[in-house]
Amino acid sequence: MKKSQWNEYELIKLLQKLPEVEDKRSRSEVYHHVNNRSIRKRKQKKNWIPLFAATAALLLVAVLGASILNGESTDKKSPRSQFISMDQVEKQEDKKESNESDYNTEKAKENKAAVESDAMADEKETLNDEEDYASKAEANESDQAANREAVTIGVPDDQSNYIIPITVSSASASLAQALVEAMTNAKEEAWGLTDYYPLDITISDGAENNQIIIDLSEDSPLITLDSTFLAALQETVKYNQIESVVFTTNGQPGVSFSHAGMLKTLEISKFDKKAFLLYQLHETSRRFLAPSNISYDSITDALASLKEDPGIEGISPSVPQTIGWDNVREHKRTLEIDLSNDTRIDDTDETKTAIEAILFTAKDFGFEQVQLFNASINQVQELDLSAPITIPAAPNYIE
Amino acid sequence: MDSVFQELYEKYHKDLYQFLFYMVKKHEVAEDIVQEVYIRVLKSYDRFEGKSSEKTWLYSIARNAAIDYFRKEKGWKQRLLENFDLDKQPVKDVQPLPEEIAIQNAEVQGIYQSLHSCTLDQRSVIILRYIQGLSIMETAAVLDWTESKVKTTQHRALKAIKKKMEEKGREEGNSIEKIPME
């Protein structure tokens, strides 16, 4: 180790190189210990009080005895105060333990309703009508794939809490090449996002249509930092009509990720039922639509959340309080929204962004069009509100 | 075997064990604490139903168990003398390197040792963020902190590690390779 100066980036890279460490015991061995210890703990609890009392008494006798022998009457306070301090320490520990269990209970309560993106990957159940939307929308997207003009990549926000899909133009016929170019040319920091790309991976086109192969090296830091990588990949896959992603390690099938485990392919989720909020790092930074980490049970709930402030730095509601609706209906692949009478629709960037947030939220539920009824004006920038609006292929297009 | 234990083990054992190992630096201690974590979790699991934050919930229990270990290790005498302020006490590094680290190159060994020049809070943040790969939001949930506190602590931790790494660099020879700062 010769270097005498390091920067943060180098240190982080080095921290990520720390090896994986495993418990060498088997599951049943661990269970055996856990079981034995639970029993032993109960026994120890019973023995603790007399043991503590005996130790304290001995300590008291020893210290008192020493002070009497030395004739130091002024030191009489010392053992008492020490004894009290010990008692207080024990109480502090007890209090801490009870706080901790309160905290855990509290956390458990809080988390009952929360469903995050990790959990969504496992959620395979879809309602019949949603499957219908899905298959139809998929067909539509396959048509778009043939004429690819743009490519989308998922980029973590400044705090790596959200993955923002960013769409850039691309003339490349090869899907893999289009992705590599987009990742190489991404200006994440200028956009107010994390400087994430390019990644230490090789992307190539697969043998099948709309298939890509992602190869990682054995010591790739992405194997450990797989949560963000797989989430970013999911957003990348979602808007590029990619049908399958094959993982390899140095050309061999599969990647053994630290958290996701061994994956040979990526499970592709096209309809995550997320709400699109607004992300903006600073007042002067570019604004993007950011899919929520939470999935919603219904389009009504998802739309309502567009007006709520999640209280997360950089993330704000995408629909202002001045826009409201009385009724939401599903009509085949079109979502129909009756705007309230007091809704103000202006021909502004803010209103356009709000409508786009509604469009992409609807898209995440499998809709292809959105029609707004009762709008006070018919045109918001290039959006024609007098007819159903066809949802664009991908959000956050950067020229 | 308890089905809850079985499920938790499958999903989180690897992560929890690794987190604890990097916190305490000893396999035998990490083995001991991870068992304690299961005991605490199994005791309160019936009150927990949320799936999404199970991970951060478990990490928070693991961290508390690790802190309890350090507290016990120090002993009550030292606790009274040091005013019970554990978080401000860096842990001195006198142990031999574990096998997994000993086979790594000098820089990785150096960062491993430097990690323990941080306070417990700083070390928790660094391990959660860069070794376990948690986001700032998840780390804040584990530690029950605000995101800005996570960011500040992360920054200070990296500063402490940088200082230690640079000290080591200087110690390890006069031939110094100068690298410009960012």
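Being a predicted model, the structure only gives us computed values, none of them experimental.

Quick look at the overall build of chain A
Item 1. Helix and strand counts for chain A stand at 9 helices and 18 strands.
Item 2. Split into buried and exposed, the 399 residues of chain A put 45% on the buried side.
Item 3. A separation threshold of at least 6 residues defines the contact pool for chain A, and within that pool the share at least 24 residues apart is 64%.

Examining the sheet that holds strand 4 (residues 211-216) of chain A
All names here are of chain A.
Item 1. Strands sit in the order 3-4-5-6 across an open sheet of 4 strands; the sheet is mixed. With one partner strand each, in any of the chains shown, strand 3 (201-205) and strand 6 (252-253) form the two edges of the open sheet.
Item 2. The pairing of strand 4 with strand 5 (residues 244-249) spans 6 bridges and is classified as parallel. Residue Gln-211 lies in a different strand from strand 5, and its bridge partner there is Ser-244.
Item 3. Helix 6 (residues 175-185) rests against strand 3 and strand 4 of the sheet, and its axis sits at about 145° to strand 3.

Some thoughts on the side chain of Thr351(A)
Item 1. Structurally, Thr351(A) can be placed in helix 9 (residues 349-363).
Item 2. Classification of Thr351(A) as buried rests on a relative accessible area of 3%.

Some remarks on helix 6 of chain A
Residues and elements named next belong to chain A.
Item 1. Every buried residue belonging to helix 6 is among Leu-175, Ala-176, Ala-178, Leu-179, Ala-182 and Met-183, and all of these are buried. Take helix 6 and look down its axis: the buried residues cluster within an arc of 165°, on one side only.
Item 2. Those residues of helix 6 that are buried lie in contact with strand 1 (150-156), strand 2 (163-169), strand 3, strand 4 and helix 7 (226-239).
Item 3. For helix 6, the capping residue at the N-terminal end is Ser-174, with a side-chain oxygen 3.4 Å from the backbone nitrogen of Ala-176.

Section: the confidence of the model for chain B
All names here are of chain B.
Item 1. For chain B, the average pLDDT comes to 81, and 78% of its residues sit at 70 or higher.
Item 2. The secondary structure element of chain B with the lowest average pLDDT is helix 3 (residues 54-81), at 75, and the one with the highest is helix 6 (residues 120-131), at 94.
Item 3. Contacts from residues 87-93, a stretch scored under 50 in pLDDT, to residues over four places away or in other chains number 13 contacts.
Item 4. For the stretch residues 174-182, pLDDT sits under 50, and the model shows 16 contacts to residues farther than four places along the chain or on other chains.

Comments concerning the sheet that holds strand 1 of chain A
All names here are of chain A.
Item 1. Judged by pairing direction, the sheet is mixed, and its 3 strands sit side by side in the order 1-2-18 without closing on themselves. Lying at the two open borders of the sheet, with one neighbouring strand each, are strand 1 and strand 18 (397-398).
Item 2. Where strand 1 lies against strand 2, 7 bridges are found, and the strand directions are antiparallel. Its bridge partner being in strand 2, Ile-153 is matched across the sheet by Ile-166.
Item 3. Packed on one face of the sheet, helix 6 meets strand 1 and strand 2 and runs near 50° to strand 1.
Item 4. On top of the sheet, helix 7 reaches strand 1 and strand 2; it is set at about 160° to strand 1, its chief contact.

Description of the pairing of strand 3 of chain A
Residues and elements named next belong to chain A.
Item 1. Sheet topology note: the strand 3/strand 4 ladder contains 5 bridges and is antiparallel. By the bridge assignment for strand 4, Ser-204 is matched with Ile-213.
Item 2. Here strand 3 hands over to strand 4 after 5 residues, with Asn-210 in that stretch at a positive phi of 55°.

Comments concerning the packing of aromatic side chains
All names here are of chain A.
Item 1. Counted according to the given criterion, the structure contains 10 aromatic pairs over all chains.
Item 2. Judged by centre distance (6.2 Å) and plane angle (45°), the rings of Phe-229 and Phe-257 are tilted. Taken as a pair, Phe-229 in helix 7 and Phe-257 in strand 7 (residues 255-257) lie far apart in primary sequence, 28 residues in all.
Item 3. Classification of Phe-229 as buried rests on a relative accessible area of 1%.

Let's talk about helix 5 (residues 106-115) of chain B
Residues and elements named next belong to chain B.
Item 1. The buried fraction of helix 5 amounts to 7 of the 10 residues, a majority that puts the element mostly inside the structure.
Item 2. Burial in helix 5 covers these residues: Val-108, Gln-109, Gly-110, Ile-111, Tyr-112, Ser-114 and Leu-115.
Item 3. Sitting at the head of helix 5, Asn-105 places a side-chain oxygen 3.1 Å from the backbone nitrogen of Glu-107.

With respect to the environment of Asp157(A)
Residues and elements named next belong to chain A.
Item 1. Within the secondary structure, Asp-157 is located in the loop between strand 1 and strand 2.
Item 2. Overall, Asp-157 belongs to the buried group, its relative accessible area being 1%.
Item 3. In this view, Asp-157 contacts Tyr-162, Ile-164, Leu-193, Thr-194 and Tyr-279; residues no more than four positions away in its chain are not counted.
Item 4. Of note is the side chain of Asp-157, whose polar atom sits 2.8 Å from the backbone nitrogen of Tyr-162.

Conventions used here
Residues numbered from 1 in each chain as written. Chains lettered and ligands numbered in written order. Predicted model: local features only at pLDDT ≥ 70, side-chain atom pairs only at ≥ 80, totals over all residues. Heavy atoms only, no water. Helix = DSSP H or I, 4+ residues; strand = E, 2+ residues; numbered from the N terminus. Buried < 20%, exposed > 50% of the residue type's maximum accessible area, 1.4 Å probe, protein only. Contact = heavy atoms within 4.5 Å. Pairing = 2+ DSSP bridges. Axes fitted to C-alpha atoms, helices over the stretch in contact; angles between N-to-C directions. Arc of directions from axis to C-beta. Polar contact = N/O pair within 3.5 Å; in protein donor to acceptor, adjacent residues only side chain to side chain. pLDDT = per-residue confidence, 0-100. Phe/Tyr/Trp six-rings, centres within 6.5 Å; stacked < 30°, edge-to-face > 60°.

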